[in-house]
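Observations on chain architecture
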Amino acid sequence: MNKQLILNERPKGMPDGNTWVLKESPIPEIQEGEFLIQNHYISLDPAMRGWINDSKSYIEPVQIGAVMRAGSIGKVIQSKNQNFQVGQTVTGWNDVQQYAVSNGENVYPVDDSQVPMTKFLGVLGMPGMTAYFGILDVGKITEGDVVVVSGAAGAVGSVVGQIAKIRGCQVVGIAGGKKKCDYIVDELGFDAAIDYKSQNVFDAIKETCPKGINVYFDNVGGEILEAALSRLRKHARVVLCGAISQYNNIDNMKGPRNYMSLLVNRATMQGMVVMDYADQFPMAMQQMAGWMLEGKLQSNESVYEGIENFQETFKRLFTGEKLGKLLLKVLD
Ligand SMILES: NC(=O)c1ccc[n+]([C@@H]2O[C@H](COP(=O)([O-])OP(=O)(O)OC[C@H]3O[C@@H](n4cnc5c(N)ncnc54)[C@H](OP(=O)(O)O)[C@@H]3O)[C@@H](O)[C@H]2O)c1
């Protein structure tokens, strides 16, 4: 049988026990040109919260009654498609389910002989690509820049900070709690950390970046974005990657009151969507894999088990009870 997570209703605020329902149905038969994937791991991403709102975005909302959209990685277990062989590891948008039928569209084989397959949903997957193109192409970092990144112990932020270090920047990460702050400094090599749960972020940025910020990479929005905008240097770049602090607050979203700081500092604030860089992913993955082999790029995954535990695990994105990339193992 195939266990699938179905969108049952659109939540107001944090998703709860009624948002999704688990459905069991027979494993589907494949037709000519198709292949069957057994999903091993599902990627849990903050963006999934936006996909279940009925509002215009960069991607269609998930419809009520549909299988919840998600990135995943797994193995081909049956194939009637000459481009995909049984035993191959593949990643793509194969949703929150144990088995997926594909015709090959948006599904890519990966070589997991050198690194665990979980890395292809994290540092070598969509979050890693977001970090790479966000900080290099949008943030346009150069040596000596002062870079501040929020969500710094998460899947995107942890990679942003390390790439900025590789490029010779001074890096300050903002994260929740001492454990995460110690992790980004002691293990990832950030220059300093700000614990937004116990410190005043505005004062702490002033202290750690006395000359101000050249690049602020925003994963969280809200008050932290406002604090960072207050400390911009001239010609600063603000990378608008995400606003997780606001995702469960859609009717009352908070924007920065001090956006005039952009004008005063001749600064830019630019949104980015990682899929716009899809044709350059292979190049970026190769460079990132090289950094990993050289020991310059560390990554961590928090893996929970059981498709039944999807909703409880998903909440960890918003409570912060995880380190690095959040994954759900769905292989029985
Ligand atoms: N634009 C794109 O193409 C693109 C692609 C991928 C991701 N994103 C965005 O990038 C951001 C980071 O994604 P990710 O995959 O790396 O997630 P993540 O950081 O691995 O997980 C989310 C983290 O956000 C922090 N957080 C949650 N609520 C918060 C709040 N109210 N205030 C401050 N921090 C809070 C938590 O860490 P703490 O314990 O430190 O609070 C949590 O662990 C998200 O906003 C996501 O939507 C954008």
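Residues numbered from 1 in each chain as written. Predicted model: local features only at pLDDT ≥ 70, side-chain atom pairs only at ≥ 80, totals over all residues. Heavy atoms only, no water.

1. A look at the site of the ligand
Around the ligand sit 27 residues, and of these Val156, Lys180, Tyr196, Met272 and Lys322 come closest. In this structure, an oxygen atom belonging to the ligand sits 2.4 Å away from a side-chain N or O atom of Tyr196. Computed on the free molecule, the ligand has an accessible area of 910 Å², of which 91% lies beneath the protein chains in the complex. Contributing elements (two or more residues each) for the shell around the ligand: α2 (126–138), α3 (155–166) and α9 (310–319). A class-by-class count of the residues in the shell around the ligand yields 17 nonpolar, eight polar and two charged. (Near = heavy atom within 4 Å. Polar contact = N/O pair within 3.5 Å; in protein donor to acceptor, adjacent residues only side chain to side chain. Areas by Shrake-Rupley, 256 points an atom, 1.4 Å probe, with all protein chains shown as cover. Helix = DSSP H or I, 4+ residues; strand = E, 2+ residues; numbered from the N terminus. Nonpolar A, V, L, I, M, F, W, Y, C, P; charged D, E, K, R; others polar.)

2. Concerning the domain arrangement of the chain
Each assigned domain of the chain is listed here: domain 1 (2–121 + 299–329) and domain 2 (126–275). Between the C-alpha centres of domain 1 and domain 2 the distance comes to 28 Å. Taken residue by residue, the interface counts 20 residues in domain 1 and 13 residues in domain 2. Elements represented by at least two residues in the side of domain 1 that touches domain 2 include exactly α1 (47–51) and α9. For the side of domain 1 that touches domain 2, the element with the most residues is α9, which contributes three residues. Residue composition of the side of domain 1 that touches domain 2, grouped by class: nine nonpolar, seven polar and four charged. (Domains from an automatic or database assignment. Contact = heavy atoms within 4.5 Å.)

3. A look at the packing of α2 against helix α8 (residues 281–293)
Running from N to C, α2 and α8 point in directions that differ by 95°, and their axes come no closer than 10 Å. It follows that α2 is roughly perpendicular to α8 by the angle criterion. Two secondary-structure elements touch here, α2 through Gly128, Met129, Tyr132 and Phe133 and α8 through Phe281, Met283, Ala284, Met285, Gln287, Met288 and Trp291. Residue composition of the contact of α2 with α8, by class: nine nonpolar, two polar and no charged. (Axes fitted to C-alpha atoms, helices over the stretch in contact; angles between N-to-C directions. Parallel < 35°, antiparallel > 145°, perpendicular 65-115°, else oblique.)

4. Observations regarding the pattern of salt bridges
Across all of its chains, the model carries nine salt bridges by this definition. One salt bridge in this structure joins Lys296 and Glu294, with 2.8 Å as the shortest N-O distance. (Salt bridge = Lys/Arg side-chain N within 4 Å of Asp/Glu carboxyl O.)

5. Concerning helix α5 (residues 201–208)
Taken together, the buried positions of α5 are occupied by Val201, Ala204 and Ile205. Angular distribution of buried residues about the axis of α5 spans 100°; they occupy a single face of the element. Those residues of α5 hidden inside the fold are in contact with β9 (170–175), β10 (192–195), β11 (213–218) and α6 (222–229). Structurally, the start of α5 carries an N-cap: the backbone nitrogen of Phe202 is 3.0 Å from a side-chain oxygen of Asn200. (Buried < 20%, exposed > 50% of the residue type's maximum accessible area, 1.4 Å probe, protein only. Arc of directions from axis to C-beta.)

6. So, the pairing of strand β8 (residues 146–150)
Burial runs high along β8: five of the five residues are buried. Covered by surrounding structure in β8 are Val146, Val148 and Ser150 together with Val147 and Val149, the residues of both alternating faces. Taken together, the five bridges between β8 and β9 define a ladder with parallel strand orientation. Counted as the bridge partner of Val146 is Gln170 from β9. In this fold, the crossover linking β8 to β9 by way of α3 has right-handed handedness. Bridge count for β8 against β11 is three bridges, and the pairing is parallel. Residue pairing for β11: Val147 is matched across the bridge by Val215. (Pairing = 2+ DSSP bridges. Right-handed = clockwise from strand over helix to strand, strands pointing away.)

7. Notes on the side chain of Asn94
Structurally, the position occupied by Asn94 is in the loop between β5 (89–92) and β6 (99–102). Dropping the residues within four chain positions of it, Asn94 is found in contact with Ile37, Asn39, Ala70, Ser72, Ala100 and Val107.

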